[in-house]
Number of protein chains: 2
Amino acid sequence: MQTDTSVEKAQQLLLDHLPPRKTETVSVLEANGRTLAEDIFAGYDLPAASQSAVDGYALGEGNLPINSTVQLKGQLGAGEVPEHRLEPGEAIGVLTGGSLPPNCQAVVPQEKTSLAGLKLELMEQIKPGQNIKQAGEDFSSGDLLLSVGQKIDPGAVALLSAFGINQITVFSKPRVGILSLGANIVSWEEEPKPGQVRDSNTPMLLALIGYQGGLAGDLEIAVADDNTDLSIKLRQMMAKNDIVICTGGSYFAAGSEAATLFQAAGAQIFYWDVPIQPGSHTGGARYEDCMLFALSGNPAACFVGYQLFVAPVLLAMQGLNPGPVWIKAKCTNEFSKKTGSRRLVRGRAEYTSRGWEVTILPGQKPSMLRSLINCNALIDLSAGHPPLDEGMEVSVILLNNNIA
Amino acid sequence: MQTDTSVEKAQQLLLDHLPPRKTETVSVLEANGRTLAEDIFAGYDLPAASQSAVDGYALGEGNLPINSTVQLKGQLGAGEVPEHRLEPGEAIGVLTGGSLPPNCQAVVPQEKTSLAGLKLELMEQIKPGQNIKQAGEDFSSGDLLLSVGQKIDPGAVALLSAFGINQITVFSKPRVGILSLGANIVSWEEEPKPGQVRDSNTPMLLALIGYQGGLAGDLEIAVADDNTDLSIKLRQMMAKNDIVICTGGSYFAAGSEAATLFQAAGAQIFYWDVPIQPGSHTGGARYEDCMLFALSGNPAACFVGYQLFVAPVLLAMQGLNPGPVWIKAKCTNEFSKKTGSRRLVRGRAEYTSRGWEVTILPGQKPSMLRSLINCNALIDLSAGHPPLDEGMEVSVILLNNNIA
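Keep in mind the model is a prediction, meaning the values are calculated, not measured. (Residues numbered from 1 in each chain as written. Chains lettered and ligands numbered in written order. Predicted model: local features only at pLDDT ≥ 70, side-chain atom pairs only at ≥ 80, totals over all residues. Heavy atoms only, no water.)

Asker: What am I meant to see in the overall build of chain A here?
Answerer: Scanning chain A for helices and strands turns up six helices and 27 strands. Computed over its C-alpha atoms, the radius of gyration of chain A comes to 31 Å, more than 25% above the 22 Å expected for a compact globule of 404 residues. With the C-alpha coordinates of chain A rotated into their principal frame, the extents come out at 95 × 50 × 40 Å. In chain A, buried positions account for 55% of the 404 residues. Considering only contacts within chain A whose residues lie at least 6 apart along the sequence, 71% involve residues at least 24 apart. Carbon and sulfur atoms make up 48% of the accessible area of chain A, which amounts to about 15800 Å² in all. Both charge centroids of chain A, one from 30 positive and one from 42 negative side chains, sit 6 Å from each other. (Helix = DSSP H or I, 4+ residues; strand = E, 2+ residues; numbered from the N terminus. Rg over C-alpha atoms; globule rule 2.2 N^0.38 Å. Buried < 20%, exposed > 50% of the residue type's maximum accessible area, 1.4 Å probe, protein only. Contact = heavy atoms within 4.5 Å. Areas by Shrake-Rupley, 256 points an atom, 1.4 Å probe, with all protein chains shown as cover. Lys, Arg positive; Asp, Glu negative; His and termini not counted. Charge placed at Lys NZ, Arg CZ, Asp CG, Glu CD.)

Asker: Looking at this structure, I do not really get the side chain of Glu90(B). What am I missing?
Answerer: Residue and element names in this part refer to chain B. Structurally, Glu90 is set in strand S7 (residues 90–94). On the accessibility criterion, Glu90 (17% relative accessible area) is buried. Residues within four places of Glu90 in sequence aside, it is in contact with Ala58, Leu59, Gly60, Val70, Gln71, Lys73 and Arg85.

Asker: Sorry, what's going on with the interface of chain A and chain B here?
Answerer: Accessible area lost upon the coming together of the parts serves often as the stated size of an interface. With 83 residues of chain A at the interface, the matching set in chain B holds 83 residues. A combined buried area of about 6400 Å² lies between chain A and chain B, and 53% of that area is made up of carbon and sulfur atoms. In this assembly, chain A and chain B are joined by four salt bridges. Across the pair Lys365(A) and Glu137(B) runs a salt bridge, and its minimum N-O distance is 2.9 Å. Joining chain A to chain B, the criterion identifies 17 residue pairs in polar contact (both at pLDDT 80 or more). Only strand S11 (132–133), helix H2 (154–162), strand S16 (197–198), helix H3 (201–211), strand S23 (325–331) and strand S24 (342–352) of chain A provide two or more residues apiece to the side of chain A that touches chain B. (Buried area = accessible area lost by both parts, 1.4 Å probe. Salt bridge = Lys/Arg side-chain N within 4 Å of Asp/Glu carboxyl O. Polar contact = N/O pair within 3.5 Å; in protein donor to acceptor, adjacent residues only side chain to side chain.)

Asker: Could you clarify how one ought to interpret the relation of the copies chain A and chain B in this entry?
Answerer: Copies of the same chain, two in number, are related to each other by a rotation about an axis and a translation along it. For the pair chain A and chain B, the best superposition has an RMSD of 0.1 Å and corresponds to a rotation of 180° with a translation of 0.0 Å parallel to the axis. In symmetry terms, the pair is related by a two-fold rotation axis. Among all C-alpha atoms of chain A, that of Asn401(A) lies closest to the rotation axis, at 3.4 Å. Both copies contact each other with a shared surface, as 100% of the interface residues of chain A are interface residues in chain B too. (Least-squares fit on C-alpha atoms with pLDDT ≥ 70 in both.)

Asker: Any chance you could explain the nonpolar core here in plain terms?
Answerer: Buried together is how nonpolar side chains tend to be arranged in soluble globular proteins. One finds Tyr306(A), Phe309(A) and Ile168(B) to be the most contacted residues of the largest nonpolar core, which totals 64 residues. Top contributing element to this core by residue count: helix H6 (residues 299–317) of chain A, with twelve residues. Setting aside anything within four residues of it in sequence, one finds Tyr306(A) in contact with Leu205(A), Leu208(A), Ile209(A), Gln212(A), Ile245(A), Leu295(A), Ala311(A), Pro312(A) and Leu314(A). The next biggest cluster of nonpolar side chains, apart from the first, holds 63 residues, and it includes Val157(A), Ala207(B), Val304(B) and Leu314(B). (Core = buried A, V, L, I, M, F, W, Y, C linked by side-chain atoms within 4.5 Å.)

Asker: Mind showing me how you'd approach H6(A) here?
Answerer: Given 3.6 residues per turn, any residue in an α-helix points the same way as the ones three and four places further on. Residues and elements named next belong to chain A. In a regular helix each residue adds 1.5 Å, so 19 residues correspond to 27 Å; H6 covers 25 Å between its end C-alpha atoms and thus fits that length. Residue Val310 marks the point of greatest curvature in H6, where the axis turns by about 45°; the proline Pro312 follows within four residues. Taken across its 19 residues, H6 has 19 buried, putting it largely inside the fold. In the segment just after H6, Gly319 is the residue with positive phi, at about 80°. (Expected span 1.5 Å × (residues − 1). Bend = angle between axes of the 7 residues up to and from the residue.)

Asker: Would you mind showing me how to read the packing of aromatic side chains here?
Answerer: Aromatic ring pairs are described here by two measures, namely the spacing of the ring centres and the angle between the planes. Within this structure, the stated rule accounts for eleven aromatic pairs over all chains. Judged by centre distance (5.6 Å) and plane angle (85°), the rings of Trp356(A) and Tyr351(B) are edge-to-face. Within this pair, whereas Trp356(A) is found in strand S25 (residues 355–360), its partner Tyr351(B) is found in strand S24 (residues 342–352), the two belonging to separate chains. Judged on exposure class, the residue Trp356(A) and its partner Tyr351(B) are both buried. Of the aromatic side chains, those joined through ring pairs into one cluster are Tyr351(A), Trp356(A), Tyr351(B) and Trp356(B). Arg21(A) extends its terminal NZ or CZ atom over the ring of Phe171(A), reaching a point 4.3 Å from the ring centre. (Phe/Tyr/Trp six-rings, centres within 6.5 Å; stacked < 30°, edge-to-face > 60°. Lys NZ or Arg CZ within 6 Å of the ring centre and 35° of its normal.)

Asker: What should I look at first to understand the side chain of Asp380(A) in this one?
Answerer: All names here are of chain A. Structurally, the position occupied by Asp380 is in strand S26 (residues 377–381). You can call Asp380 buried: its relative accessible area is 15%. In terms of polar contacts, Asp380 uses its side chain to reach the side chain of Arg342, at 2.8 Å. In this structure, Asp380 is in contact with Trp326, Arg342, Arg343, Leu344 and Ser395, ignoring residues within four places of it in sequence.

Asker: What exactly am I supposed to notice about the sheet that holds strand S8 (residues 106–109) of chain B here?
Answerer: Residues and elements named next belong to chain B. Taken in spatial order, the six strands line up as S8-S5-S7-S6-S10-S9 in an open sheet, and their pairing is mixed. In this open sheet, the two strands that pair with only one neighbour each are S8 and strand S9 (113–116). Taking each pair of neighbouring strands and ignoring which way they run, the sheet shows an average axis angle of 35°. Inspection of the sheet shows strand S5 (residues 56–59) paired to S8 by four bridges, in the antiparallel sense. Across the sheet, the residue bridging to Tyr57 is Val108, located in S8. (Pairing = 2+ DSSP bridges. Axes fitted to C-alpha atoms, helices over the stretch in contact; angles between N-to-C directions.)

Have a look at this one:
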């Protein structure tokens with residue numbers, strides 16, 4: 001087991017030891033935001049046949065100067081398939097997306113014409129091919145439409161739907177179990193007795209996991225000194241979940257409950273204790289195909305540990321970019337503390353006309369919740385960093401963001 | 001009805017005419033990502049009583065120099081409530097988050113001590129109050145915790161859970177119905193006959209709506225020339241949905257089906273036709289408490305129209321910032337067309353070490369789907385804008401982004 005591992009080394013150890021990614025087949029609509037686990041090819045041309053790009057008139061001749069007059073031969077209704085050849089000097093009304101008659105050379109938009117009886121005058125010059133969507137102009141039969149690793153976005157949903165592909169294989173959403181260790185912890189839905197506190201970490205982690213595409217798995221609050229066999233509980237959770245997060249009991253020097261549990265289960269522990277504040281008492285491990293995390297029970301330390309260690313794993317298991325997304329930003333306020341160990345200060349980043357700015361949020365003690373409200377950024381201060389002044393440029397990890 | 005309204009004027013007309021926002025009471029976990037519709041105050045102090053911030057030893061005296069020795073009086077188990085006063089020169093073992101004995105003046109972390117029998121030596125100087133979380137240090141009884149308009153994020157979920165607040169009132173998710181107008185359109189799940197095309201706009205819109213917190217409502221494909229009474233269908237959809245989007249049939253000069261329908265229903269039409277490409281044929285209206293949109297049936301025009309007009313309304317109805325989020329970015333490639341009407345070019349924006357960059361996506365015809373894959377940005381070119389060269393700075397609307 002490595003101790004005092006750097007954040008980056010711990011992240012690399014985790015990403016180097018991920019279990020095989022699971023896949024599942026889902027409907028295209030369910031796949032929105034998920035990552036494709038197969039290559040998908042075009043089975044035919046899109047559009048399948050030439051179509052009009054506008055509401056207007058299909059022309060039998062495609063090189064007509066302004067003020068030319070052609071003979072209107074009728075109107076194709078929506079969905080109507082034309083059968084008769086269009087000769088030079090002839091036109092027929094067509095709708096956007098409608099099929100074009102054989103020999104159609106161009107389409108003139110309705111608003112660029114003037115109609116008197118069946119005489120149609122063109123109010124602009126029309127070149128061959130104008131306003132025609134050629135068969136296959138978007139995608140040709142055999143084209144690679146989307147490949148493994150493609151994030152399914154609304155455009156991809158539209159593309160798959162246009163090809164009638166309704167079921168696709170994507171990487172599965174990891175199921176995440178949470179084991180809260182601590183004798184003075186009660187569920188957030190219970191009334192604490194004196195000396196007890198509500199477990200706010202589990203709902204916070206569920207919210208974070210939801211943002212990043214994970215599924216809530218088993219949730220347990222466990223006490224070491226009651227009759228519960230914690231090892232059995234952990235083993236059951238590992239069997240049913242892709243990730244298990246233990247909160248609390250992560251302090252190794254104090255006889256870490258989490259580390260003892262992980263070792264007893266036979267897990268491979270990649271690191272324990274990372275020199276950061278908040279949340280230095282943290283560990284990462286793997287048992288069979290389940291990734292294990294020990295995070296501090298202090299709320300802000302739990303939040304930071306989730307963002308630094310769990311989030312990259314949760315994203316990578318779904319085939320998504322594990323991040324983190326880094327920016328440089330200017331501080332809009334001060335932070336008066338000198339930094340001992342590397343410090344992750346909770347902040348709110350905004351992109352303004354002056355560039356990226358970050359505001360240090362109030363309540364930066366590890367035990368406090370206040371700095372987590374509106375937090376979308378971690379300001380990364382290296383060990384020994386001086387206090388922050390307004391206007392100082394800092395390195396920032398952007399959270400929950402899709403810009404990279 | 002205004003025609004040739006600017007994008008900004010159309011957006012303002014829509015936002016000025018929103019129906020009253022609806023609210024609902026949901027569990028805190030369901031509320032993640034939603035917007036609070038009530039003010040919430042602290043019913044008591046958080047923490048409720050003073051606690052230890054570390055695993056260590058509670059001290060009866062708070063001003064002890066390095067190498068002081070105190071007498072260990074025992075260990076408080078997790079959740080144990082101490083009863084006996086701690087006198088100067090005494091210490092008792094405590095756990096992080098544990099209650100402190102009466103008269104405790106400071107806590108020394110376990111790793112800063114050396115224990116021999118019951119003699120505890122302090123390896124660093126301990127000041128009064130050190131490592132004590134004072135009652136109310138995070139929030140005091142009566143504090144405004146969160147106010148109307150607050151976005152519920154994981155930190156807010158944790159805060160509410162810590163106070164045992166499990167149900168909160170948030171703005172409702174708007175229900176969005178989609179009416180696809182077009183005789184040659186079949187559902188994306190059906191096999192089109194010659195001359196027909198699959199409706200890829202409905203699945204694309206469902207994906208977009210899902211990203212922005214909307215709920216899928218009624219989905220209909222309607223043909224003007226069959227026996228369906230379109231007016232009745234629209235009226236039914238308006239009664240059951242907060243927003244109805246019509247795709248196709250938006251071209252006013254050609255006898256817009258959508259505008260005819262909106263007028264027949266007695267809707268207040270705010271604008272029709274906006275001088276942009278793609279998607280100039282577009283309208284916005286309201287009937288009773290339902291917002292109505294007509295978007296082009298061309299996929300890229302439908303996408304752009306959704307982003308410019310529907311998205312701000314959908315966000316504002318949920319109490320979220322309607323945007324859009326603007327950035328300046330440098331082009332990484334060229335776009336050879338001169339711009340006539342104001343043009344929204346589909347792009348992929350990335351924030352790099354060189355700042356914001358945007359890549360013009362291939363396949364920029366309104367009828368093509370290709371430019372919508374990986375699209376997270378609309379490059380906004382004013383009317384008459386010259387072609388784009390690599391390295392040119394452009395104004396960009398960032399899509400689906402949480403940075404502002």
